[in-house]
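# Breakdown of the fold
Each chain, letter by letter, is given below.
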Amino acid sequence: MENKKKVAFYTLGCKLNFSETSTIARSFQEEGFERVDFEEVADMYVINTCSVTENADKQFKQIVKKALKLNENAFVAAVGCYAQLKPEELAAVDGVDLVLGATEKFKITDYIHDLSKNDMGEVHSCEIEDADFYVGSYSIGDRTRAFLKVQDGCDYKCTYCTIPLARGISRSDTMEGVIKNAKEIAAKGIKEIVLTGVNIGDYGKGEFGNKKHEHTFLDLVTELDRVEGIERLRISSIEPNLLKNETIDLVSKSRAFVPHFHIPLQSGSNDILKKMKRRYLRELYVDRVNKIREVMPHACIGVDVIVGFPGETDEHFLETYHFLNDLDISYLHVFTYSERDNTEAATMEGVVPKNVRAKRSKMLRGLSVKKRRAFYESQIGTQRTVLFESENKEGYIHGFTENYVKVKTPWNPAFANTLHDIKLTHIDEDGSVRLEFLGIEV
């Protein structure tokens, strides 16, 4: 019997990329490849790229080097957002053989005739206008949770963002497609599904390959809540203007949706929000947080924020800092603004020096630590449900409560991928929360 060709994958960037890597990997397995870990010797390495941060570009070169160190004759392919935006740049990296853009990445096995090295990377990338069809995917990285893609692309024109250039127009999976994938995931014994997409609140648009749509995001969450066998459903990140009261109410009464929201803010200054071409002002954001708190006081609310956007003065930044300090939120994801080619913001005046961006970023990260600590403290003494993960980390097993409090308890392999009723007792020195089990425990 001939040896199977081995393929390994490396994913940079977001949860959506992880779900798509899984789908691409399954297509290789169907073609008779054996999937191996990226640390192992393989005949082919596939790198799923990201364009959101500056470091993604530098990281790419390091990952190619790492692959070729394992096997200097390996065939190296680059797919994903950066591959769509700058295909020639990636193709010029030493050792890269194939670069596939947004529409081609799911047909990668069609482009591999043999695995002999190319002198120069071969590029297949469409005009982004052609990225108008939808490919459903989900990832099963560990046994505990799966990322389920429900939507792709974006019709928003935020001035700092390349995602519409990298992923095309907003389009959605059909309701049948999402439910079918959710049932497949449930059948594998996975307890939690995280819904993912570029702009998931826009779900329903482009469901039939055109702008016609029958369903909304509210319809989607309503249907998913009925799928049996899924213990937990989590909404990953949703624009504040698309997070409607009806969705918040549904989550508060839901069987499976957990009280955890991640809502991008980007700036606490209306001046900057307008320059970013965001589709809301800070007043709407406050309204969304208040609505969640009203029906789910214990909910976890995460916030994305960008510092150092062109024209952000010290006053604008302090406006953002005080806005977030006063807001009843649980943690921040802080992004330092970085210029991207072909975006409006890249040509704006009022460039903020890199050292000022770094200082602002550090201040907000400090605020995030304080916010998370305060949120955890507010949860001490409450009864929650925890879903344990499957890793032994220095003698402990970790997990998350439904409202995203990270907990730990001494390692017990029987706990992996299981749910338990617990009481949160105190915060450990590493910042995670200790617990006691409720009811009868082994």
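Residues numbered from 1 in each chain as written. Predicted model: local features only at pLDDT ≥ 70, side-chain atom pairs only at ≥ 80, totals over all residues. Heavy atoms only, no water.

### Focus on helix H11 (residues 314-326)
In this model, H11 (13 residues) spans 18 Å end to end at C-alpha, consistent with the 18 Å of a helix rising 1.5 Å per residue. Listed as buried for H11 are His316, Phe317, Thr320, Tyr321, Phe323 and Leu324. Along the axis of H11, the buried positions cluster into a sector of 165°, meaning they face one direction only. Summarising the geometry of H11, the exposed residues directed more than 90 degrees from the buried face are Glu315 and Asp326. (Helix = DSSP H or I, 4+ residues; strand = E, 2+ residues; numbered from the N terminus. Expected span 1.5 Å × (residues − 1). Buried < 20%, exposed > 50% of the residue type's maximum accessible area, 1.4 Å probe, protein only. Arc of directions from axis to C-beta.)

### Concerning the pairing of strand E3 (residues 44-49)
Counting buried positions over the 6 residues of E3 gives 6, a clear majority of the element. Side-chain alternation along E3 places Met44, Val46 and Asn48 on one buried face and Tyr45, Ile47 and Thr49 on a second face that is also buried. Sheet analysis places E3 next to strand E4 (residues 75-80), joined by 6 bridges and oriented parallel. Its bridge partner being in E4, Ile47 is matched across the sheet by Ala78. (Pairing = 2+ DSSP bridges.)

### Regarding the state of the cysteines
Taken as a whole and judged by the stated rule, the model has 0 disulfides. No disulfide involves Cys81; its sulfur sits 6.5 Å from the nearest other cysteine sulfur, which is in Cys50. Looking at the unpaired Cys158, the closest cysteine sulfur is the one in Cys161, lying at 6.2 Å. (Disulfide = S-S within 2.5 Å.)

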